[in-house]
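What follows is each chain in one-letter form.
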Amino acid sequence: MIKHWKSSKGCYVYRILSGRANVYMINSGGAFYLIDTGRSNVREKLIKNFKTIINDEKLSALILTADSLSVIVDNEIAIVGDALFGISRRSVMPPFANDRALMVKSWHKLLETGCNIFLPGHGSEVDRILLEYSYNRYKNKF
């Protein structure tokens, strides 16, 4: 079963691939946007899962989350790439963050949105409470 979320305005976000890296697809009024946080060697599985959702529909856009680009859906759901990790229940800090001060600033910007669900490139969804906790824990350290 493919995990999905729905905004109050009717946009769907599907996690169509998970494991080492997550890949998401947004369905907004029949337009399909593929958010690829994964590696190229999983394309066959990605295409199979993608087709189970949209059949023969056409992809409207491919968004690659290089440099931790975040995609905000209806100010409710944020696909955040490597801006945070969904591995630990106590922190969202990625283990490989090169610039932790910039990472914490990014969290602040994400918290300025109305989002309550944050979908990282690695791990499970993160709620606003954990992101706020991590932000408050690290904001004065860097």
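Look up a bit, the structure's there.
Since we're looking at a predicted model, the values are computed, not measured.

## Considering the overall build of the protein chain
Looking only at helices and strands, one finds three helices and nine strands in the protein chain. Secondary structure elements in the protein chain, listed N-terminal to C-terminal, are β-β-β-β-α-β-β-β-α-β-β-α. A burial count over the protein chain gives 44% of its 142 residues as buried. Considering only contacts in the protein chain between residues 6 or more positions apart, those separated by 24 or more positions represent 55%. Put simply, the protein chain shows about 8300 Å² of open surface, and 48% of that area lies on carbon and sulfur atoms.

## A few points about the sheet that holds strand S9 (residues 126-127)
Within the open sheet, the four strands sit side by side as S6-S7-S8-S9. Their pairing is mixed. A single partner strand is all that each edge strand has here, and the edge strands are strand S6 (71-73) and S9. With four bridges joining them, strand S7 (residues 77-81) and strand S8 (residues 117-120) adopt parallel strand pairing. Within the sheet, the bridge partner assigned to alanine 78 lies in S8 and is phenylalanine 118.

Calculation notes
- Residues numbered from 1 in each chain as written.
- Predicted model: local features only at pLDDT ≥ 70, side-chain atom pairs only at ≥ 80, totals over all residues.
- Heavy atoms only, no water.
- Helix = DSSP H or I, 4+ residues; strand = E, 2+ residues; numbered from the N terminus.
- Buried < 20%, exposed > 50% of the residue type's maximum accessible area, 1.4 Å probe, protein only.
- Contact = heavy atoms within 4.5 Å.
- Areas by Shrake-Rupley, 256 points an atom, 1.4 Å probe, with all protein chains shown as cover.
- Pairing = 2+ DSSP bridges.

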